[in-house]
Amino acid sequence: MGDIRLFVSHAHKDHKIAAALVEVIEAAMVPRERILCTSHFDPKYREKDGVNVIKYLRDHLTQSSCVIGVLTPNSINSPWCLLELGGAWARATRTYCVIAGEVSLESIPVLKDADAAQLTEPEEIRRLLANLRRALGWDERVRGTAAEEINDLVYLASRVQKLNEEQVQDKADQEDVA
């Protein structure tokens, strides 16, 4: 079981962002151990079919040396994400956060001091990746190889942020009508 090193905590609704983040990590560094991202399209990042998911997630969260929390409005409303991030906090696991949408670290008090990056800011993503790579002891790939993947991630995060803003505006408009 001891092969998971990086645990990506995310809401299933944010599977595209989580998968794009894994692609950025793979493009930026050479993983020596596995990355767990349960809703990634590639089965090598997910749990095997037929396993007890609750036990699998707990076991692998326990053995991971780093956790990345994908913080969006979906994830902060997800009991699973809150359990995963709370578990990382309780174990004092090094935790990094990537933020998209109308979310702040202050909305999850135990993460307020976490290393974080706005997913709409390429330089913040690069800084977080460098810190993550050093913490994991993984080698860096040739400089610039992750540029396209980072741009794709920024584009996805910008779309999520725009959709969230539109939903908030729609809700406000509906309340004005009522």
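Look a little higher up for the structure.
Computed from a predicted structure; not experimentally measured.

In space, the five strands of this open sheet follow the order β3-β1-β4-β5-β6, with parallel pairing throughout. Taken across any chain shown, the strands that pair with only one partner, and hence form the sheet edges, are β3 (34–36) and β6 (115–118). If you compare each strand with its neighbour and ignore which way they point, the axes differ by 20 degrees on average. With three bridges joining them, strand β1 (residues 4–9) and β3 adopt parallel strand pairing. Across the sheet, residue leucine 6 finds its bridge partner in β3, namely isoleucine 35.

In this section: the pattern of salt bridges. Enumeration over the complete set of coordinates arrives at six salt bridges. Where glutamate 26 meets arginine 141, a salt bridge forms, and the shortest distance between an N and an O atom there is 4.0 Å. Taken together, the residues glutamate 26 in helix α1 (residues 15–28) and arginine 141 in the loop between β7 (139–140) and α6 (147–177) connect sequence positions 115 residues apart. The class for arginine 141 is partly exposed, based on a relative accessible area of 33%. Where glutamate 140 meets arginine 133, a salt bridge forms, and the shortest distance between an N and an O atom there is 4.0 Å.

Before going further, it helps to spend a moment on the nonpolar core. Residues Leu6, Ile25 and Leu132 are the most contacted members of the largest nonpolar core, which totals 35 residues. Elements with a minimum of two residues in this core: β1, α1, β4 (66–71), β5 (94–99), α5 (122–136) and α6. Broken down by element, the residue count for this core peaks at nine residues, all from α1. Residue contacts for leucine 132: discarding those within four places in its chain leaves Leu6, Ile25, Met29, Cys66, Ile68 and Tyr96. Among the nonpolar cores identified, the runner-up in size contains 18 residues, and Phe7, Leu85, Cys97 and Leu105 belong to it.

Attention now moves to the pairing of β5. For β5, the buried fraction is high: five of the six residues fall into the buried class. Direction of pairing for β4 relative to β5: parallel, over a ladder of six bridges. Counted as the bridge partner of isoleucine 68 is tyrosine 96 from β5. As defined by bridge partners, β5 adjoins β6 across four bridges and the pair is classed as parallel. Residue valine 98 lies in a different strand from β6, and its bridge partner there is alanine 117.

Further remarks concern α1. Taking 1.5 Å as the rise per residue, α1 with 14 residues should run 20 Å; its terminal C-alpha atoms sit 20 Å apart, in good agreement. Buried residues dominate α1, accounting for 11 of its 14 residues. What α1 keeps buried is the set Ile17, Ala18, Ala19, Ala20, Leu21, Val22, Val24, Ile25, Glu26, Ala27 and Ala28.

When the terminal C-alpha atoms of helix α4 (residues 79–90) are compared, their 16 Å separation across 12 residues agrees well with the 16 Å that a helix rising 1.5 Å per residue should span. Considered for burial, the residues of α4 that qualify are Cys81, Glu84, Leu85 and Ala88. Projection of α4 onto a plane perpendicular to its axis shows the buried side chains occupying an angular sector of 90 degrees, all on one side. Away from the buried face of α4 by more than 90 degrees, exposed residues Pro79, Leu83 and Ala90 are located. Packed against the buried residues of α4 are β1, α2 (53–63), β4, α3 (73–76) and β5.

Attention now moves to the environment of tyrosine 155. Along the polypeptide, tyrosine 155 turns up in helix α6. The exposure class assigned to tyrosine 155 is exposed, which follows from its relative accessible area of 52%. Residues tyrosine 155 and leucine 119, spaced 36 residues apart in sequence, show a C-alpha to C-alpha distance of 8.8 Å.

Rules used throughout
- Residues numbered from 1 in each chain as written.
- Predicted model: local features only at pLDDT ≥ 70, side-chain atom pairs only at ≥ 80, totals over all residues.
- Heavy atoms only, no water.
- Pairing = 2+ DSSP bridges.
- Helix = DSSP H or I, 4+ residues; strand = E, 2+ residues; numbered from the N terminus.
- Axes fitted to C-alpha atoms, helices over the stretch in contact; angles between N-to-C directions.
- Salt bridge = Lys/Arg side-chain N within 4 Å of Asp/Glu carboxyl O.
- Buried < 20%, exposed > 50% of the residue type's maximum accessible area, 1.4 Å probe, protein only.
- Core = buried A, V, L, I, M, F, W, Y, C linked by side-chain atoms within 4.5 Å.
- Contact = heavy atoms within 4.5 Å.
- Expected span 1.5 Å × (residues − 1).
- Arc of directions from axis to C-beta.

Geometric descriptors of this kind do not, in isolation, establish any biological role.
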